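Analysis of the macromolecular model
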Amino acid sequence: MAQVRTLHKIMALFSVNSIAAVNNSDTRIAGCFLTGIPGLEHLHIWLSIPCCIMYIAALAGNGILICVILSQAILYEPMYIFLSLLASADVLLSTTTMPKALANLWLGYSHVSFDGCLTQMFFIHFLFVADSVVLAAMAFDRYVAICSLLRYVTILTSKVIGKIAAAILSCRFIVMFPSIFLLKRLHYCRINIIAHTFCEPMGIAHLSCSDISINVWYGLAAALLSTGLDIILITVSYIHILQAVFHLTSQDARSKALSTCGSHVCVILLFYVPAIFSVFAYRFGGRSIPRYVHILLANLYVVIPPMLNPIIYGVRTKQILEGAKQMFSNLAKGSK
């Protein structure tokens, strides 16, 4: 009944022009309606509460982390530069998705133009790729710091970091951008309702009456190419890191290193596992996986890692804590 009521609300919002657009077999003119999480309409308000809290925590935590790193000259090192980039990408990723998702959960639907939907889809995937690149860079940074400490300063200079980041992100942009044109080329003639909290490539493609096999395979190839190399680099880096850690003679140093690596690995798994599952489930899961499971995981992977990263990478780092104390101390003195 909740689904029927939601559908009736959406259909009531169609203007005469929108209906004419659908009758003329071009649903792009009327835009798209996002319905939220199908099958869990009765829980939308309850689901919105933890999502909203996590989103606010992510904004606050990452915002403070960025301010601390920028305000403390002692933190102008590769590790902390990467950390500030990760925090910035996390804020943008969650902000690209969560306001629209919360609107869906609160109102039961949300309208977005077709081009706006494509824009949101592109930025979600590009920012996810940016997050992935930064995580790979941080893993490589830890590898150099632990396994080649004497060469750390000469290997990871600011110029080298900038060139590597620019080259990788440019390549990823080139890989991701064709997905927009692949969606633009399709003929859209179905009712423009997407059962999701934000715009997904396959959700948009399923509105089409055209053959979408190219979209399916290109999307999968782009996802594997853009994140597969990062996962390989992260895996190789942590294998070498663990080998170096187990050769440490000090038990305290070994325990501290393992604790730090364990925390980082947990964040990496929380970031990659739901995303990879989402990519494969949406394309090949069919009816074996409930739709709401896929949508819930899609929402979790854009809000949980951004919320946890400031805690794991920031609060547990001594230099960050000291920098935060110094920043708040200076703010308190300035307000007097």
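Looking at an unreviewed UniProt entry, the protein chain carries the name Olfactory receptor, with the source organism given as Macaca fascicularis. Looking at the Sequence similarities (unreviewed entry) heading of the UniProt record, one finds this comment for the protein chain: "Belongs to the G-protein coupled receptor 1 family." Database annotation for the protein chain, UniProt heading Function (unreviewed entry): "Odorant receptor."

Comments concerning the environment of Ala130
Mapping Ala130 onto the fold places it in helix H5 (residues 114–147). Take Ala130: its relative accessible area is 12%, and that puts it in the buried class.

Notes on the sheet that holds strand E3 (residues 193–194)
Here we have three strands laid out as an open sheet, ordered E2-E1-E3, and mixed in their pairing. Edge positions in the sheet fall to strand E2 (110–112) and E3, since each of these pairs with one other strand and no more. Relative to E2, strand E1 (residues 32–34) is paired through three bridges, and the arrangement is antiparallel. If you follow Phe33 over to E2, its bridge partner there is His111. In the packing of helix H4 (residues 78–107) onto the sheet, the strands contacted are E1 and E2, and the crossing angle to E2 comes to about 140°.

Some points on the pattern of salt bridges
Considering all chains together, one arrives at two salt bridges under this definition. We note a salt bridge from Lys184 to Asp115, for which the minimum N-O separation is 2.9 Å. Taken together, the positions of Lys184 in helix H8 (residues 178–184) and Asp115 in helix H5 put the pair 69 residues apart, joining distant regions of the chain. Arg142 is paired through a salt bridge with Asp141; the nearest N and O atoms lie 2.8 Å apart. Overall, the relative accessible area of 1% leaves Asp141 in the buried class.

Here's the deal with the confidence of the model for the protein chain
Averaged over all residues, the pLDDT of the protein chain equals 78, while 86% of them reach at least 70. Per-element confidence in the protein chain is highest for helix H3 (residues 44–71), whose mean pLDDT is 90, and lowest for helix H2 (residues 16–23), whose mean pLDDT is 40. Throughout residues 7–25 the model reports pLDDT below 50, and contacts reaching past four residues in sequence, or to other chains, amount to 23 contacts.

Let's talk about helix H7 (residues 158–176)
Along an α-helix, a turn takes 3.6 residues, which lines up residues three or four apart on a common side. End to end, H7 covers 27 Å across 19 residues, agreeing with the expected 27 Å (1.5 Å per residue, within 8%). Every buried residue of H7 is listed here: Ile161, Arg172, Val175 and Met176. Looking down the long axis of H7, one finds its buried residues gathered within 90° of arc, a one-sided arrangement. For H7, the exposed residues set more than 90 degrees away from the buried face come down to Lys159, Lys163 and Ile174. On its buried face, H7 is in contact with H4, H5, H8 and helix H10 (213–246).

Brief notes about the UniProt feature "transmembrane region" (unreviewed entry) in the protein chain
According to UniProt, the positions carrying the feature "transmembrane region" (unreviewed entry) are residues 43–68, 122–140, 160–183, 216–241, 261–280 and 292–315. Helix makes up 100% of residues 122–140 and strand 0%, and the two end C-alpha atoms of the span are 27 Å apart. In residues 216–241, the share of helix is 100% and the share of strand is 0%. The end C-alpha atoms are 37 Å apart.

Some details on the environment of Arg291
Turning to its location among the elements, Arg291 is positioned in helix H12 (residues 291–300). For the pair Arg291 and Ala195, spaced 96 residues apart in sequence, the C-alpha to C-alpha distance is 8.7 Å.

Some words on H3
Along its 28 residues, H3 runs 40 Å from first to last C-alpha, staying within 8% of the 40 Å computed at 1.5 Å per residue. Listing the buried residues of H3 in full gives His44, Ser48, Cys51, Met54, Tyr55, Ala58, Asn62, Leu65, Ile66, Val68 and Ile69.

A closer look at a nonpolar patch on the surface
On the surface, a cluster of nonpolar side chains totalling about 760 Å² of accessible area is made up of Leu43, Ile45, Trp46, Ile49, Ile53, Trp106 and Leu107. Secondary structure elements with two or more residues in the nonpolar patch: H3 and H4. At four residues, H3 tops the list of elements feeding residues into the nonpolar patch. Along the chain, Trp106 falls in helix H4. Judged by relative accessible area, which is 48%, Trp106 ranks as partly exposed.

Examining the nonpolar core
Grouped together as the largest cluster of nonpolar side chains are 51 residues, with contacts concentrated most on Met98, Leu135 and Ile234. Sorting the residues of this core by element identifies H3, H4, H5, H10, helix H11 (251–284), helix H13 (304–315) and helix H14 (318–335) as the ones contributing at least two each. Per-element tally for this core: the top contributor is H5, with 11 residues. Counting residues in hydrophobic clusters, the runner-up holds 26 residues, among them Leu118, Leu207, Ile212 and Val216.

About the criteria used
Residues numbered from 1 in each chain as written. Predicted model: local features only at pLDDT ≥ 70, side-chain atom pairs only at ≥ 80, totals over all residues. Heavy atoms only, no water. UniProt positions renumbered as here; feature names shortened; annotations may be inferred. Helix = DSSP H or I, 4+ residues; strand = E, 2+ residues; numbered from the N terminus. Buried < 20%, exposed > 50% of the residue type's maximum accessible area, 1.4 Å probe, protein only. Pairing = 2+ DSSP bridges. Contact = heavy atoms within 4.5 Å. Axes fitted to C-alpha atoms, helices over the stretch in contact; angles between N-to-C directions. Salt bridge = Lys/Arg side-chain N within 4 Å of Asp/Glu carboxyl O. pLDDT = per-residue confidence, 0-100. Expected span 1.5 Å × (residues − 1). Arc of directions from axis to C-beta. Patch = residues over 30% accessible without salt bridge, like charges linked within 9 Å, V, L, I, M, F, W, Y side chains within 5 Å. Areas by Shrake-Rupley, 256 points an atom, 1.4 Å probe, with all protein chains shown as cover. Core = buried A, V, L, I, M, F, W, Y, C linked by side-chain atoms within 4.5 Å.

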